[in-house]
Amino acid sequence: MAIEKGTIKVVWITKDTKRIHSKMFDDISMAKDFGEKKKDYLVFKLLRHKNFNEFSWALLPYGNYKLYQNALAFYQKHRNSKLAIERLFRL
């Protein structure tokens, strides 16, 4: 399996909710331009890696980053309340 080169990752979704897609870039403006064409996207910056097996990423303020941050914050706040999460996501 190959690993793309770059330190900026654009991640986007399609109608298939079981998959995400990504592409790497070296330039933030190229990443942003690419992401805008995909519509539902996030942009991350590589912080560090361990032998290309573990990666740490920082979310950058592009695409749907506010929705992503708010959804995760809500989940973290209410994850012990199974009923709230199930109602919100209709599980």
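Our structure's up above, just so we're on the same page.
First, a word on scope: everything that follows refers to the structure included in this document.

Moving on, we get to the sheet that holds strand E4 (residues 54-60). As summarised here, the arrangement of the 4 strands in space is E2-E1-E3-E4, forming an open sheet in which the pairing is antiparallel. Where the open sheet ends on each side, the last strands, each with one partner, are strand E2 (21-25) and E4. Across the sheet, the axes of successive neighbouring strands diverge by a mean angle of 35°, strand direction being ignored. Pairing between strand E1 (residues 8-12) and strand E3 (residues 41-50): 5 bridges, direction antiparallel. Each residue of the ladder has a partner; that of Val 10, found in E3, is Val 43. Of the strands in this sheet, E1, E2, E3 and E4 touch helix H1 (residues 28-38), which is tilted by about 5° from E1. Relative to the sheet, helix H2 (residues 65-78) contacts E3 and E4, its axis offset from that of E4 by approximately 115°.

Definitions and cut-offs
- Residues numbered from 1 in each chain as written.
- Predicted model: local features only at pLDDT ≥ 70, side-chain atom pairs only at ≥ 80, totals over all residues.
- Heavy atoms only, no water.
- Pairing = 2+ DSSP bridges.
- Helix = DSSP H or I, 4+ residues; strand = E, 2+ residues; numbered from the N terminus.
- Axes fitted to C-alpha atoms, helices over the stretch in contact; angles between N-to-C directions.
- Contact = heavy atoms within 4.5 Å.

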